[in-house]
Amino acid sequence: MTRPVLTISREQFRVNLEAVMRRLSSSQLMIVMKDDAYGHGAGWAAEDALRAGVRWFGSYDIATGVNLRRRLEGEPRIFAWATSDDDEVAGALLHDLDLGVGSEAYLERVIAQAGSLGRRASVHLKIDTGLHRNGIRPEDWDRILARTRAAEDTGALRLVGVWSHLSEASDEADDESRAIFTAACDAVTRTGDAPEITHLTASAASWWRPELRGTVSRIGAFCYGIRSAGGPDLEGILPIATLSASVIAVEDERVVIDAGSFDGIPSTLVGIDVGTSGGVRRLEKISETCSEVASWDGAAVGDEVRIFGPGAWGEASATSLAERIGTVGEEILTRLAPRVRRSVV
Ligand SMILES: *Cc1c(COP(=O)(O)O)cnc(C)c1O
């Protein structure tokens, strides 16, 4: 039985990383590796990023961060910002992860774990700059900051950084967020050392709004070549992944390929163009484990059909597919099932 293949280009990944780092100039890249590096595979990607000179890794959760720590030599900084249970926090302290902390309750748990393990936690306090998801409200900031400074004095933690996440809903909203962010950083400086690092922006704002960048920029999508849905192409950046399927049967009007909705291909994608050796053809039907494509002259079992990818004959990228069904490229990639073989070349 054949399976669809996601072919991932390490060379393009390296090119993208260089383009992102050039664009960021003095802001350092923190590559975001959540969801298995957006479905591309976090292990090889982290090693390649380290080789390309990346020194900050954003794991989201602690388990991923611990795996990265075991894999990456030279002690790069690994930042885990998911609010986690006490066992996970202990793991983070033992493996020297930096922790994102966005609530007083979590701060107290981190302090308690550090005390019981005799370790000093590296903490990045998160100010809520408008998303209202996770983050310390501005009205609580001074009080929680004072608590953090007191814990610093006892050796339980080190306040490393201040961070937040933008809504990217509009430039105005992001400007307001930045004003709150700057005030929070100023409050840190008034109570002791200035934050060693500050980080506010993800892919789009880091790329398009240099004035919003902190000393570090947390970037996932653009490193993997996933442009924003509805957004323009990015200079020097291309998708690193190509999804292909194989022809498994040739009928009169249609050709059957070995990729379907169980592989993570949204069934709402019926009607897209896919790339075949006979040119672009319409994807006529999506079933669970196979799909049907309008036929072409000379179609044969074993032929490759490209569903997306740079330079593909059909859709250029996961994002251009996503735009057809009102979602984002990240979702197309992270939904691909384990059955899809990853081939890193
Ligand atoms: C996912 C995520 C990022 C990266 O976002 P991209 O748009 O993929 O660059 C940055 N920061 C946080 C908190 C995130 O959750």
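Above: the structure in question.
Now for a quick tour of the structure. (Residues numbered from 1 in each chain as written. Predicted model: local features only at pLDDT ≥ 70, side-chain atom pairs only at ≥ 80, totals over all residues. Heavy atoms only, no water.)

Ranked by internal contacts, the top residues of the largest apolar core, which has 105 residues, are Phe13, Ile31, Phe57, Trp141 and Ile307. Counting residues per element, this core draws most heavily on helix H3 (residues 42-51), which supplies six residues. Setting aside residues no more than four positions away along its own chain, Phe13 makes contact with Ile31, Trp44, Ala45, Asp48, Ala49, Cys223, Tyr224 and Ile240. (Core = buried A, V, L, I, M, F, W, Y, C linked by side-chain atoms within 4.5 Å. Buried < 20%, exposed > 50% of the residue type's maximum accessible area, 1.4 Å probe, protein only. Helix = DSSP H or I, 4+ residues; strand = E, 2+ residues; numbered from the N terminus. Contact = heavy atoms within 4.5 Å.)

As a further point, take the site of the ligand. If you check the shell around the ligand, you find Val32, Lys34, Tyr38, Trp81, Trp163, His165, Ala202, Ser203, Arg218, Ile219, Gly220 and Ala221 and nothing else. A distance of 2.7 Å separates an oxygen atom of the ligand from a polar atom in the side chain of Lys34. In this structure, Gly220 approaches the ligand through a main-chain N or O atom, which is 2.8 Å from an oxygen atom. Coverage of the ligand by the protein chains reaches 85% of its 390 Å² of free accessible surface. Sorting the residues of the shell around the ligand by element identifies helix H2 (34-39) and strand E9 (216-219) as the ones contributing at least two each. Residue composition of the shell around the ligand, by class: seven nonpolar, three polar and two charged. (Near = heavy atom within 4 Å. Polar contact = N/O pair within 3.5 Å; in protein donor to acceptor, adjacent residues only side chain to side chain. Areas by Shrake-Rupley, 256 points an atom, 1.4 Å probe, with all protein chains shown as cover. Nonpolar A, V, L, I, M, F, W, Y, C, P; charged D, E, K, R; others polar.)

Here the focus is the pattern of salt bridges. Evaluation of the coordinates by the stated rule reveals 25 salt bridges. The partner of Arg51 in a salt bridge is Asp48, with the nearest N and O atoms 3.2 Å apart. With a gap of three residues between them, Arg51 and Asp48 both fall in helix H3, about one helical turn apart. Residue classification places Arg51 among the exposed positions, given a relative accessible area of 61%. One connected set of salt bridges, linked through shared partners, spans Arg77, Asp98, Arg158 and Glu196. (Salt bridge = Lys/Arg side-chain N within 4 Å of Asp/Glu carboxyl O.)

If you walk through the whole model with that rule in mind, you get nine aromatic pairs. Ring plane angle 70° and centroid distance 5.2 Å describe the contact between Phe13 and Trp44, whose orientation is recorded as edge-to-face. Here Phe13 is found in helix H1 (residues 10-24), whereas its partner Trp44 is found in helix H3, with 31 residues between them in sequence. Judged by centre distance (6.4 Å) and plane angle (70°), the ring pair of Trp207 and Trp208 falls under edge-to-face. Under the relative-accessibility criterion, Trp208 is labelled partly exposed at 42%. Members of the aromatic cluster, joined through ring pairs, are Phe13, Tyr38, Trp44 and Tyr224. (Phe/Tyr/Trp six-rings, centres within 6.5 Å; stacked < 30°, edge-to-face > 60°.)

The analysis is restricted to geometry; functional conclusions fall outside its scope.
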